[in-house]
Amino acid sequence: MHSHSLVVFRTLPRLLLCASTRAASTRSPKSQALIDRIIRVDHAGELGADRIYAGQMAILGKSSVGPLIKHMWEQEQEHLATFSKLIPQYRVRPTALLPLWNVAGFALGAGTALLGKEAAMACTEAVEAVIGEHYNK
């Protein structure tokens, strides 16, 4: 599991467990706004990561790095599934930019894969580093 995944899946459940003990109607507006922001941003990020790996797999899926990309993509699919369940559970509006993330993520993944295995792995490392910094703030 990626380092950002460890941070999110260790801290987010505690936050949501606290939030779930209260009905949405009894949560403070500040608390609900924080939950909304966290789930919305993380869902968008997981969708972007999913689409990046989809783009990379479309180009490099049958190469020597295909199994590694597939493994990393499967992890992101699990994360995306988790946040996709949290959206309706906590009545969070997904970001309006989801269609953009869908296309841009795939294009980024495919584009870097077209530059070669090294470029695709550099893209992946850069994205994971930025995500890790985001979660550590």
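Data block above holds the structure.
Definitions and cut-offs
Residues numbered from 1 in each chain as written. Predicted model: local features only at pLDDT ≥ 70, side-chain atom pairs only at ≥ 80, totals over all residues. Heavy atoms only, no water. Core = buried A, V, L, I, M, F, W, Y, C linked by side-chain atoms within 4.5 Å. Buried < 20%, exposed > 50% of the residue type's maximum accessible area, 1.4 Å probe, protein only. Helix = DSSP H or I, 4+ residues; strand = E, 2+ residues; numbered from the N terminus. Contact = heavy atoms within 4.5 Å. Expected span 1.5 Å × (residues − 1).

*Asks:* Looking at this structure, how should I read the nonpolar core?
*Replies:* For soluble globular proteins, nonpolar side chains are generally found buried alongside one another. Counting eleven residues, the largest nonpolar core is built from Tyr 53, Ala 54, Met 57, Leu 60, Val 65, Ile 69, Met 72, Trp 73, Ala 113, Ala 120 and Met 121. For this core, the elements supplying multiple residues, two or more each, are helix 2 (29-60), helix 3 (66-89) and helix 5 (117-136). Considering every element that reaches this core, the biggest residue donor is helix 2, with four residues. With near-sequence residues (within four places) excluded, Ala 113 lies in contact with Gln 56, Ile 59, Leu 60 and Ala 120.

*Asks:* When you look at helix 4 (residues 98-114) in this model, what are you seeing that I'm missing?
*Replies:* One turn of an α-helix holds 3.6 residues; hence residues three or four places apart share an orientation. Compared with the 24 Å implied by 1.5 Å per residue over 17 residues, the 24 Å span of helix 4 between its first and last C-alpha is a close match. Considered for burial, the residues of helix 4 that qualify are Leu 98, Gly 105, Gly 109, Ala 110, Thr 112 and Ala 113. Each element contacted by the buried residues of helix 4 is listed here: helix 2 and helix 5. Remark: Gly 116 follows helix 4 within two positions and exhibits a positive phi of approximately 125 degrees.

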